[in-house]
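Next come the chains, spelled out residue by residue.
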Amino acid sequence: MAEEPLLRMEGICKSFHGVHALRGVRLDVRRGEVHSLVGENGAGKSTLMRILGGAVTLDEGTITLRGRGQVFRAPKDAEAAGVAMIHQELSLVPPMSVAENVFLGREPRTRLGFVDYAAMREHSEALLAELGTPCDVTRPAEAYSIATQQMVEVAKALGREADLIVMDEPTSALAEAEAERLFEVIRRLRGRGVSVVYISHKMEEIYAISDRVTVLRDGEWIGTAPVGELPQERLIEWMVGRKIEQLFPKHAAEPGAELLRVDGLCVDTADGSGRRAVDGASLTLRAGEIVGLAGLRGSGCSELLGALFGRYGRVAAGSVAIRGRPVSITRPAEAIANGIALLTNDRKTTGLVLSMSVLHNATLASLSRAGPPGCVLRDRELALAQPFMDMLSVRTASVDAEVSALSGGNQQKVALAKWLMTEPSVLLLDEPTRGIDVGAKAEIYELMNTLVAQGKGILLITSELPELLAMSDRILVMHRGRMTAELNRDEATQERIMAAAMEA
Amino acid sequence: MDELRPGTEGPGSSSLARRALALAGEYRGPVALVVVLVVGILIGGRTPDGRPVFLTGSTHVSVFFEYAEYGILAAGMTLVILTGGIDLSVGSVLGLSSVIFAILTLGCGWSSQWAALAAAGVGAVCGLINGILISRLRFQPFVATLAMMVVARGLAKQVTGHRKIAPALDPWYHVRSLSEMPPIYKGMMSPLAKHGIAVTVLVVPALIIVAAAFFRYTVTGRALDARLFGSSPAGRTARATLSIGAWAIALGLTVWGLAPYLQPASFLFVSSLLLMALVVKVTRFGRHLYAIGGNEEAARLSGVPVARSKVLAYVLCGLFSGLAGIVTTCRLQLGNPEAGATYELDAIAAVVIGGTSLMGGRGSVALTLVGALIMGYANKILSNIQIHGQFLQDGAKLLAKGMIIVLAVLVQEARRRRA
């Protein structure tokens, strides 16, 4: 390595309340390189990046940027040094225009001291066009899709002359085509000599986009290697510290009685336009069966699950029967009483109450069983929760810790514990493995197999096709609210699913 | 879950100090209250014989008494704020209920029980309207309760014809003179008994509290605790029963010991807060309030009856405003349509100083009691303090009060940021 790297972090140590989050971690990023940082949740990736972004100060170690030692005390120090962060939760101001967002905090001024809107518009238009995302920069940021908003973030970073951009799971909210466009932009950035530190849990992405990979585990540096010299099995072994023989355990499908039958279900879109989010969907789910739902963004898969759970009130049309008995579910409470559970696709905004403790989150949907009528007794609550916390091996310092302090995988387990506690017979799982590490993923697959073996039925949505193919007994494909294909396990391929998901 | 707590560090003076500091951090509110009390003893004025007035029982009794309405309002306000809402109408509703109670007792000759029920009911109805506007018609709490604040005040002025309701002001009044006033007017404001039970009764609850602290926070205490009860379900139940029993005895004795000195108004203040603290901690309704304030959509998707819980929170808040209105009427010996103006701000301040987040989802009613007492004692200090022989004027008092609020919130924020 003759060339001095753009960024060199060495011997980074950080502990919180006496718990080591990082121990002697190093990372070096070359100019114009896409460098993936991978590891299980809780491995220390986020802490390392927060140190790089100036949000957290390090205990020990050095940061060298362009050959100069740096001390970041606050995010603005990092920003001034040319480091930009693009988080999962975007940091745009939704009602402000795209141009205002790009120049937020460093608005150009006219000679009279007023904000120079013309210059702002011109520059931001140029930046976005360069990123291949031309758009009307005078419209508010919230008017655009997440994908475009991400481009606005990138433009904001470039506008600040950042030459090191950290992207933390940027594709977790993107559809495949949008992700593809993001990769295109990342390649362009690389061409411009900008370096990108890329954090993702998706193996295909890591292999598709990165030049080198650094793996962290339990706060320690495990290794750095060019992506071409690191086969996937090896990478997973580095991440979890053991070989995962089979990421997707097989389950023997032995479908039993019919649990759920949906006929001609229609759901209107929330915007009141009268369009249908789900348009005449029909399906059946038997005991012991995992039925996968596939579709691109806007296909209506999530809305279908939400409607079954009573999330949108009365459905526009169609009928639902549980175990052959027709039901009309208009509220989540009724769905729970009918043995339906919905794990939503975003645990932070709809899955968990982040300000409450692990225990209180886990029992939230089962409080009627946690004490005498109307009351909650701590002992009963603990007794209720303990078996599920053990079964899912939720790792937390205490059940009284705020759930927000847990890693993504453990948060997801708490959300799952909440639903298993309601003793459902039908589980609606919307992206159950989004944003969690490979170890926790394997545990959740294992759990799904255990559940169907107990005679429960699962409707599964996942945007990761290998996962969908491996876990589902049958796959239903949706396009614009309509079912366009039903594929059996042995006839389903990625190509056939994509074809059905995109055609009309 | 004691067995899941991270292990404590070994013995030693530094770790002991650290634990004490951590404990002080966790109980920041009570510690602040103690600080206020110490300040009160130091600068809160002296009796003619030279003793600090903060060391006399009557000072404490008067703080509870003077702050009663604010405290009662704060009890309901905490429930609403826990859901992430706010109720600006409590002061006006207090005024409305005050004049209704006065009209019914003084004007129409109703018995005080029925009049009290009606006045409290009016408060509850105002809360119900707030709740329905907010949860069913999706008004923002600020807007809905702002409207109610104006409407209730208008109604209070309308029904009284812009006058104060006092004995014998009008020919149709049932009560013609002060001496004819129903006994509740005097009773609400005078101590329950002239002869107190000895303060030594207070020693018992103090001992129980010290013992509880020993078991919970010291290494030997915890070891003893584990040996006594074990971790079997039966042992846990036994321990829970014993600890609930001990707290009940401590509470009962405190109340019994203080009863002779306190006025019913002060009792309403303390018991409203204690009752709501219990409701919030042990009922499903209480848990639902936290869930709604923390993440309303996640709560709804977990089967929490969001609309019903919110309505109930506002109804209770209105009910407490009604109760506070009755107390005010008895205190003033008349029904004043202007009563309670700006009281909502003091109630909100007590909640916030206690450490309940205005964003909802975090806090507790017990903390509000502490917040209310901090405000009450601070007021007492400000009215007792003398500079160059002069008492402080209202302007200076308000300035100081504002600074206390800012300071209290800064301290709470510092804690959250570090956490």
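Here the structure is a predicted model, which means the values were calculated and not measured.

Broken down by element type, chain B carries 18 helices and 2 strands. Put simply, of all contacts in chain B between residues at least 6 apart along the chain, 77% involve residues at least 24 apart.

What follows deals with the overall build of chain A. Helix and strand counts for chain A come out as 17 helices and 20 strands. In terms of overall dimensions, chain A is globule-like: its C-alpha atoms have a radius of gyration of 24 Å, near the 23 Å expected for 504 residues. Seen through its principal axes, chain A has C-alpha atoms that stretch 70 × 50 × 50 Å. The burial tally for chain A puts 47% of its 504 residues in the buried class.

Taken together, the 26 residues of chain B in the interface contact 29 residues of chain A. For the side of chain B that touches chain A, the secondary-structure elements that each account for two or more residues are helix H11 (233–258), helix H13 (284–294) and helix H14 (296–301) of chain B. Residue classes in the side of chain B that touches chain A are distributed as 12 nonpolar, 7 polar and 7 charged.

A separate point is the environment of A:Ser328. Residues and elements named next belong to chain A. By secondary structure assignment, the location of Ser328 is in the loop between strand S15 (325–327) and helix H10 (332–337). When the 10 C-beta atoms within 10 Å are taken as the criterion, Ser328 is described as exposed. Residues Ser328 and Gly44, spaced 284 residues apart in sequence, show a C-alpha to C-alpha distance of 47 Å.

Turning our attention to the sheet that holds strand S18 (residues 457–461) of chain A. Residue and element names in this part refer to chain A. Sheet architecture is open: 6 strands sit in the order S16-S17-S18-S13-S19-S20, paired in mixed fashion. Here the strands that pair on one side only, and so sit at the sheet edges, are strand S16 (340–343) and strand S20 (482–488). Strand-to-strand, the axes of this sheet are offset by a mean angle of 20°, without reference to chain direction. Summarising the sheet, strand S13 (residues 290–294) and strand S19 (residues 474–479) pair through 4 bridges and their orientation is parallel. Across the sheet, residue Gly292 finds its bridge partner in S19, namely Ile475. Its contacts with the sheet put helix H17 (residues 494–502) on S13, S19 and S20, and the angle it makes with S19 is roughly 30°.

So, on to the packing of helix H6 (residues 112–135) of chain B against helix H7 (residues 141–160) of chain B. Residues and elements named next belong to chain B. At their nearest, the axes of H6 and H7 sit 9 Å apart, and the two run at 150° to each other. Judged by the angle between their axes, H6 and H7 are roughly antiparallel. When you trace H6 past H7, the crossing you get is right-handed. Mapping the contact onto sequence places Cys126, Ile129, Asn130, Leu133 and Ile134 in H6 and Pro141, Ala144, Thr145, Met148 and Ala152 in H7. Counted by class, the contact of H6 with H7 contains 8 nonpolar, 2 polar and no charged residues.

As a further point, take the domain arrangement of chain A. All names here are of chain A. Looking at chain A, the domain boundaries give domain 1 (7–240) and domain 2 (257–339 + 424–504). Distance between the C-alpha centres of domain 1 and domain 2: 34 Å. Contact with domain 1, which involves 10 residues of that partner, is made by 10 residues of domain 2. For the side of domain 1 that touches domain 2, the residue count by class is 4 nonpolar, 3 polar and 3 charged.

Moving on: the confidence of the model for chain B. Detailed reading of the predicted coordinates is not advisable wherever pLDDT is low. Residues and elements named next belong to chain B. When pLDDT is averaged along chain B, the result is 83; 83% of the residues meet or exceed 70. Across chain B, the element-wise mean pLDDT spans from 65 in helix H1 (residues 13–26) up to 97 in helix H15 (residues 306–332). For the stretch residues 1–13, pLDDT sits under 50, and the model shows 13 contacts to residues farther than four places along the chain or on other chains. Note on residues 194–198: pLDDT is under 50 here. Beyond four places in sequence and across chains, it has 6 contacts.

Moving on, we get to the sheet that holds strand S14 (residues 317–322) of chain A. Residue and element names in this part refer to chain A. With antiparallel pairing, 4 strands are arranged side by side in an open sheet as S12-S11-S14-S15. Edge strands, defined here as strands with exactly one partner in the open sheet, are strand S12 (276–286) and S15. Each neighbouring strand pair of the sheet contributes to a mean axis angle of 25°, computed without reference to strand direction. The sheet contact formed by strand S11 (residues 258–268) and S14 spans 5 bridges and is antiparallel. If you follow Val262 over to S14, its bridge partner there is Val320.

With that out of the way, let us pick up the packing of helix H13 (residues 378–391) of chain A against helix H14 (residues 408–421) of chain A. Residues and elements named next belong to chain A. At a minimum axis distance of 10 Å, the contact between H13 and H14 shows a crossing angle of 125°. One finds that H13 runs oblique with respect to H14. Considering the relative orientation of H13 and H14, their crossing is right-handed. Here Leu384, Ala385, Phe388 and Met389 of H13 lie close against H14, whose contacting residues are Ala417, Leu420 and Met421. Split by residue class, the contact of H13 with H14 holds 7 nonpolar, no polar and no charged.

What follows covers the pairing of S18(A). Successive residues of a regular strand alternate their side chains across the two faces of the sheet. Residues and elements named next belong to chain A. Counting buried positions over the 5 residues of S18 gives 5, a clear majority of the element. Of the two faces of S18, the one carrying Gly457, Leu459 and Ile461 and the one carrying Ile458 and Leu460 are both buried. Both strand S17 (residues 426–430) and S18 contribute to a ladder of 5 bridges, which runs parallel. The residue of S18 that forms the bridge with Leu429 is Leu460. You can see the chain leave S17, run along helix H15 (residues 438–453) and come back into S18, and the turn it takes is right-handed.

Definitions and cut-offs
- Residues numbered from 1 in each chain as written.
- Chains lettered and ligands numbered in written order.
- Predicted model: local features only at pLDDT ≥ 70, side-chain atom pairs only at ≥ 80, totals over all residues.
- Helix = DSSP H or I, 4+ residues; strand = E, 2+ residues; numbered from the N terminus.
- Contact = placed C-beta atoms within 7 Å.
- Rg over C-alpha atoms; globule rule 2.2 N^0.38 Å.
- Buried ≥ 20, exposed ≤ 12 C-beta atoms within 10 Å, placed from the backbone.
- Nonpolar A, V, L, I, M, F, W, Y, C, P; charged D, E, K, R; others polar.
- Pairing = 2+ DSSP bridges.
- Axes fitted to C-alpha atoms, helices over the stretch in contact; angles between N-to-C directions.
- Parallel < 35°, antiparallel > 145°, perpendicular 65-115°, else oblique.
- Left-handed = near helix turned anticlockwise from the far one by under 90°.
- Domains from an automatic or database assignment.
- pLDDT = per-residue confidence, 0-100.
- Right-handed = clockwise from strand over helix to strand, strands pointing away.

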